[in-house]
Amino acid sequence: MRAALLPDRGAVKVAGDGARSFLHGLVTADILNLRVGEARFCALLTPQGKIIADFIVAEAPAKNGGGFFLDVPRAQTTALVEKLNLYKLRAKVTIEDLSAILGVLAAWGGRPPPYPTPLAGEEKSNNPAPEAGKGSEGVGLRYADPRLPALGIRAMLPPHLFATAASRLGAALVEASEYEAHRIALGIPHGGVDFSYGDAFPHETDMDQLAGIDFEKGCYVGQEVVSRMEHRGTARTRAVPVSFEGAAPEAGAPIVSVNRQLGHIGSAAAGRAIALLRLDRVADALAHGEPLMAGGTPIRLVKPDWARFPFPGESEAAE
């Protein structure tokens with residue numbers, strides 16, 4: 001098993017008597033039924049249905065202060081906190097950016113010890129920051145990545161405790177680049193690299209495939225657009241994994257066929273990349289036998305096991 005500190009992740013805490021219903025009414029996942037020990041993948045959207053920030057939500061136990069901890073792309077924490085405060089109005093909630101004292105650890109590639117297992121220190125707390133500003137020697141907040149089992153588990157705790165936490169998980173602490181290669185190999189998009197916040201719909205980033213949208217819950221910001229895309233099947237653009245040989249195409253490089261642009265390359269590692277593509281145009285190019293190129297490098301689509309949407313060139317099975 002391996003573990004890595006994810007330096008591009010931040011932490012936001014939403015707490016108070018109205019925190020559960022407050023979040024539930026805003027985000028794409030069901031928070032009313034979220035319980036301690038579980039996590040949800042979700043997003044806060046614009047009224048037009050585009051992603052402001054996507055994140056993982058986990059709940060700390062009430063005996064240790066409770067509250068909901070949001071595992072957020074660090075570049076989006078400020079925008080997320082500002083938007084949540086805008087929606088707060090008279091709701092009895094507090095919203096704090098705790099990125100200065102909490103970090104996120106990912107562990108994958110093996111079977112972790114049974115939950116709950118102390119990750120650091122000896123206190124019997126599952127609140128990663130029971131006293132914000134004073135640090136914590138508690139066990140940290142541990143949760144399975146809700147997007148895909150192969151992504152493993154995550155923990156939120158002060159960074160100086162990461163080595164101890166990794167050891168107690170039976171994991172070797174490695175560089176974040178190894179986790180990135182694992183994520184890319186699985187075909188999981190990363191906001192800010194594989195798609196742009198404020199410009200992408202949840203379906204385009206595969207949130208509908210990765211347990212990021214609850215289509216049975218009530219209203220939330222942007223719900224009408226998301227529901228319409230689901231029922232009409234209008235998501236023509238998708239983030240999908242591709243393979244290549246040799247040097248990786250530069251991030252942002254356009255993907256083209258003979259005479260048209262199909263999309264662009266995002267993150268890449270070890271012969272795999274994430275590409276944001278117009279799948280209808282890709283299907284047409286493949287039907288005409290046209291090669292797909294990114295920055296002069298030939299690429300090939302690879303269908304991930306989790307993809308349930310129609311995929312261009314279905315014979316291109318996941319390797």
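**Student:** Any details on the pairing of strand β11 (residues 237-244)? Residues and values, ideally.
**Tutor:** With respect to burial, β11 is a largely interior element, eight of its eight residues being buried. Residue alternation in β11 divides its side chains into two sets, Thr 237, Ala 239, Pro 241 and Ser 243 and Arg 238, Val 240, Val 242 and Phe 244, and both sets are buried. The pairing of β11 with strand β14 (residues 272-278) spans seven bridges and is antiparallel. Across the sheet, Arg 238 pairs through a bridge with Leu 277, a residue of β14. Taken together, the three bridges between β11 and strand β16 (residues 297-301) define a ladder with antiparallel strand orientation. The residue of β16 that forms the bridge with Ser 243 is Arg 300.

**Student:** For the side chain of Arg 183, give the residues involved together with the corresponding values.
**Tutor:** Position of Arg 183 relative to the elements: it lies in helix α4 (residues 176-186). Look at Arg 183 and you get buried, because its relative accessible area is 3%. For Arg 183, the contacting residues outside a window of four places in its chain are Ile 188, Pro 189, His 190, Asp 194, Ser 267 and Ile 274.

**Student:** So, the confidence of the model for the protein chain: which residues are in play, and what are the values?
**Tutor:** In the predicted model, the protein chain carries a mean pLDDT of 90, and 91% of its residues have values of at least 70. Long-range and interchain partners of residues 121-126, a stretch whose pLDDT sits below 50, account for 22 contacts in this model, where long-range means more than four residues apart. Here residues 130-139 is modelled with pLDDT under 50, and outside its nearest four sequence neighbours on either side it reaches 26 contacts, counting other chains as well.

**Student:** Please set out the packing of aromatic side chains residue by residue, giving values where relevant.
**Tutor:** Per the stated rule, a full pass over the model turns up three aromatic pairs. Aromatic pair Trp 108 and Tyr 179: ring centres 5.3 Å apart, planes at 70°, arrangement edge-to-face. Remark: Tyr 179 occurs in helix α4 and Trp 108 occurs in strand β7 (residues 103-108); sequence separation between them is 71 residues. Among the residues examined, Trp 108 registers a relative accessible area of 1% and is labelled buried. Geometrically, the ring pair formed by Phe 309 and Phe 311 is tilted, given 5.9 Å between the ring centres and 40° between the ring planes. Neither residue differs from the other here; Phe 309 and Phe 311 are each classed as buried. A cation over an aromatic ring shows up here: Arg 147 above the ring of Phe 41, its NZ or CZ 5.6 Å from the ring centre. The positively charged end of Arg 238 is found above the aromatic ring belonging to Phe 309, 4.3 Å away from the centroid.

**Student:** Can you lay out the environment of Val 93 for me, pointing to particular residues and giving the numbers?
**Tutor:** With respect to the secondary-structure elements, Val 93 resides in the loop between α2 (77-88) and β6 (94-97). On the accessibility criterion, Val 93 (6% relative accessible area) is buried. Taking the C-alpha atoms as reference points, Val 93 and Arg 20, separated by 73 residues in sequence, lie 9.2 Å from one another. The residues touching Val 93, leaving out its near neighbours within four places in the chain, are Val 14, Ala 15, Gly 16, Gly 18, Ala 19, Phe 22 and Lys 88.

**Student:** An account of the sheet that holds β14 is requested, with residue identities and associated values reported.
**Tutor:** Taken in spatial order, the six strands close into a barrel running β11-β14-β13-β12-β15-β16, and their pairing is antiparallel. On average, adjacent strands in this sheet sit at an angle of 40° to one another, irrespective of strand direction. Two strands pair when backbone bridges link them, and strand β13 (residues 261-269) and β14 are joined in this way by five bridges, in the antiparallel orientation. Among the inter-strand pairings, Ala 269 is bridged to a residue of β14, identified as Arg 272. Along the sheet, helix α6 (residues 279-287) makes contact with β11, β13, β14, β15 (292-294) and β16, crossing β14 at roughly 100°.

Cut-offs applied
Residues numbered from 1 in each chain as written. Predicted model: local features only at pLDDT ≥ 70, side-chain atom pairs only at ≥ 80, totals over all residues. Heavy atoms only, no water. Buried < 20%, exposed > 50% of the residue type's maximum accessible area, 1.4 Å probe, protein only. Helix = DSSP H or I, 4+ residues; strand = E, 2+ residues; numbered from the N terminus. Pairing = 2+ DSSP bridges. Contact = heavy atoms within 4.5 Å. pLDDT = per-residue confidence, 0-100. Phe/Tyr/Trp six-rings, centres within 6.5 Å; stacked < 30°, edge-to-face > 60°. Lys NZ or Arg CZ within 6 Å of the ring centre and 35° of its normal. Axes fitted to C-alpha atoms, helices over the stretch in contact; angles between N-to-C directions.

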